[in-house]
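Coordinates in review
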Amino acid sequence: MQHQVLGRPRNQRIASVGPFGVHVVPELLVPLGELALELGVADDHAEFVLVNEVCGDFAIDDFAEDGRCDWVQQFAVPLPLIVIGRQMGAREEDIWRIKDWTDAWVRRFGLMQSPEEEEECVLQQIEAQHYFQPIFEKLRDEPDDTLLSDLVNTEIPEWGRTLTDNELHAETMSDTFVGGSETSTNAISEGAKILIENPHIWEQLNSDPDKYLRVFVEEVLRLESPVQMLSRVVKKDVTLHGVTIPAGAAVGTRYAAANRDERRFENPGEVDLDRKNPMAHLTFGAGIHHCLGAPLARRELYYSFKVLTDRVEKMWFIEGENDFKHQPHFFLRALKELNIGFKLK
């Protein structure tokens, strides 16, 4: 069976997804970084309004009367997905179809599939490419006010041109819909779990949300890094702790391990809402690989946990309905489900 592939060739590496979003290869960093600023991706006020609006649209009202929910599927998944969907201009009726495609991308990225499973995910990615291709073409003829339209039509000064179709397919799926939702989902899920496991933290957080919410967001990001690891290639010989790593070697950079380094953090395995250096973690990467979507991710986490402090008096795990297992994945840490009960204020 043959399938028409519209996306980039296998050997064309334009970008990779890192913690919470876009991590481009060095030669593309400046052009795409400036493009992000040009497009208004870093527009603080617009993102604040959008995230607050989405939280207000559904918050926990859809399941509030039930007194229970699967926090992952009923809250942590839809919130960031709807936010990035609205930014990109996705049709509301298509958002869960796009979610199926991003799930396929994430599973394949995890490097833990059989050949048959990988083929199925590739076919779903091809389906996504055929869905987006006519949208790219229409937006070239009829630009609108969406982020996707700007991504299609904005010229990158260093290149003297706009993104090609191949580049657009890579950026649209991996660095916007996946990077803009999947990792936020993982952190929102883990944050609720941490609060139930640590009732004293829940009590402290509720005592002064204005003081502690932002620190709690950073502690969730540090302790339960949604992206546990990414691969890098060593550019020159380097010796670390007596071990020489030769140029050209592939290494796994373990953000999760660095975030629990006792040389960097006091009591690294504990949540500390009075931590003096809460933003010193590496969850968003660093240097040329720092995540462009970090401000949006922090807002999504902040307002997700604010919904809990505003609306919920107490929470608990539904007995016998949680195994706390994560999706099989080489890089990401994603809870499969989190069935919780709650009492509203």
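Computed from a predicted model, the values in this text were never measured in an experiment. (Residues numbered from 1 in each chain as written. Predicted model: local features only at pLDDT ≥ 70, side-chain atom pairs only at ≥ 80, totals over all residues. Heavy atoms only, no water.)

1. Considering the overall build of the protein chain
For the protein chain, the count of helices and strands is 13 helices and nine strands. For the protein chain, contacts bridging at least 24 residues in sequence account for 72% of all contacts bridging at least 6. Summing over all exposed atoms, the protein chain offers an accessible surface of approximately 17,000 Å²; the carbon and sulfur share of this is 50%. (Helix = DSSP H or I, 4+ residues; strand = E, 2+ residues; numbered from the N terminus. Contact = heavy atoms within 4.5 Å. Areas by Shrake-Rupley, 256 points an atom, 1.4 Å probe, with all protein chains shown as cover.)

2. Considering the packing of helix α6 (residues 115-141) against helix α8 (residues 165-178)
Where α6 contacts α8, the axes come no closer than 10 Å and their chain directions differ by 115°. Between α6 and α8, the angle falls in the class roughly perpendicular. Considering the relative orientation of α6 and α8, their crossing is right-handed. For the pair α6 and α8, the contacting residues are Ala 128, Gln 129, Phe 132, Gln 133, Phe 136 and Arg 140 in the first and Asp 165, Leu 168, His 169, Thr 172, Met 173 and Phe 177 in the second. Across the contact of α6 with α8, the residue classes tally to six nonpolar, four polar and two charged. (Axes fitted to C-alpha atoms, helices over the stretch in contact; angles between N-to-C directions. Parallel < 35°, antiparallel > 145°, perpendicular 65-115°, else oblique. Left-handed = near helix turned anticlockwise from the far one by under 90°. Nonpolar A, V, L, I, M, F, W, Y, C, P; charged D, E, K, R; others polar.)

3. Some words on the nonpolar core
In terms of nonpolar packing, the biggest core is built from 50 residues, with Trp 71, Phe 75, Leu 195, Phe 216, Phe 305, Leu 308 and Met 315 touching the most fellow members. A per-element tally of this core places helix α13 (residues 294-311) first, with nine residues. Discounting residues that sit within four places of it in the chain, Trp 71 has contacts with Ile 60, Ala 76, Ile 188, Ser 189, Ala 192, Ser 304, Leu 308, Leu 338 and Ile 340. Residues Met 88, Trp 101, Phe 331 and Leu 332 belong to the second largest nonpolar core, which totals 30 residues. (Core = buried A, V, L, I, M, F, W, Y, C linked by side-chain atoms within 4.5 Å. Buried < 20%, exposed > 50% of the residue type's maximum accessible area, 1.4 Å probe, protein only.)

4. Some points on the packing of helix α4 (residues 78-88) against helix α5 (residues 95-109)
Remark: α4 packs on α5, axes separated minimally by 11 Å, with the N-to-C direction vectors making an angle of 110°. Taken together, the axes of α4 and α5 lie roughly perpendicular to each other. Note on element contacts: α5 touches α4 through Ile 95, Trp 96 and Lys 99, opposite Pro 78, Leu 81 and Gly 85. The residue inventory of the contact of α4 with α5, partitioned by class, reads four nonpolar, one polar and one charged.

5. Describing α4
Among the 11 residues in α4, 10 count as buried, and that is most of the element. Along α4, the positions that sit buried rather than exposed are Pro 78, Leu 79, Pro 80, Leu 81, Ile 82, Val 83, Ile 84, Gly 85, Gln 87 and Met 88. At the C-terminal side of α4, Gly 89 shows a positive phi close to 85°.

6. A few points about a negative patch on the surface
A contiguous patch of negative charge on the surface is contributed by Glu 116, Glu 117, Glu 119 and Glu 120. Here Glu 116 lies in helix α6. A relative accessible area of 57% places Glu 116 in the exposed class. (Patch = residues over 30% accessible without salt bridge, like charges linked within 9 Å, V, L, I, M, F, W, Y side chains within 5 Å. Salt bridge = Lys/Arg side-chain N within 4 Å of Asp/Glu carboxyl O. Lys, Arg positive; Asp, Glu negative; His and termini not counted. Charge placed at Lys NZ, Arg CZ, Asp CG, Glu CD.)

7. Things to note about the sheet that holds strand β8 (residues 312-317)
Strands sit in the order β3-β9-β8 across an open sheet of three strands; the sheet is antiparallel. Strand pairing shows two members of the sheet lacking a second neighbour, β3 (68-70) and β8, which therefore form its edges. Across the sheet, the axes of successive neighbouring strands diverge by a mean angle of 30°, strand direction being ignored. Note: β8 against strand β9 (residues 339-344), five bridges, orientation antiparallel. Across the sheet, the residue bridging to Lys 314 is Lys 343, located in β9. (Pairing = 2+ DSSP bridges.)

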